Amino acid sequence: MVIVINPVSIEKDGIKIRPEHMEKEKLYHCIFNNKVLVFYKDEQDLLNCYEIEEAELVEKIKTCNNDEVEKLFEEYIEQKKLKH
């Protein structure tokens, strides 16, 4: 039996992050206080965190499944022309 530990979870005291359970370069997210928090561990094992407050994007993320979130971010970045 394999036990899967979620690297990012919401608990009564707030957000719990377990970077030791994260895959490198994979996005993890959670919704907390009407904000989306995005985490990932880069190639040097550094933990990166971003906070998204834009209501339109937060609402879209609330309604999609985990597999669709990264695609949603890519579409949003392209739409808003946020790429360098």
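This text follows the structure it describes.
## Thoughts on the side chain of Arg18
- Tracing the sequence through the fold places Arg18 in the loop between strand S2 (14-17) and strand S3 (28-32).
- Polar contacts involving the side chain of Arg18 include one to the main-chain carbonyl oxygen of Asn6, which spans 2.9 Å.
- Ignoring any residue separated from it by four or fewer positions in sequence, one finds Arg18 in contact with Ile5, Asn6, Pro7, Ser9 and Glu11.

## Comments concerning the environment of Val8
- Checked against the element boundaries, Val8 lands in strand S1 (residues 8-11).
- By relative accessible area, Val8 is classed as buried at 5%.
- C-alpha separation for the pair Val8 and Asp42, spaced 34 residues apart in sequence, amounts to 16 Å.
- When sequence neighbours within four positions are dropped, the list of residues in contact with Val8 reads Ile15, Lys16, Met22, Tyr28, His29, Cys30 and Phe39.

Conventions and cut-offs
Residues numbered from 1 in each chain as written. Predicted model: local features only at pLDDT ≥ 70, side-chain atom pairs only at ≥ 80, totals over all residues. Heavy atoms only, no water. Helix = DSSP H or I, 4+ residues; strand = E, 2+ residues; numbered from the N terminus. Polar contact = N/O pair within 3.5 Å; in protein donor to acceptor, adjacent residues only side chain to side chain. Contact = heavy atoms within 4.5 Å. Buried < 20%, exposed > 50% of the residue type's maximum accessible area, 1.4 Å probe, protein only.

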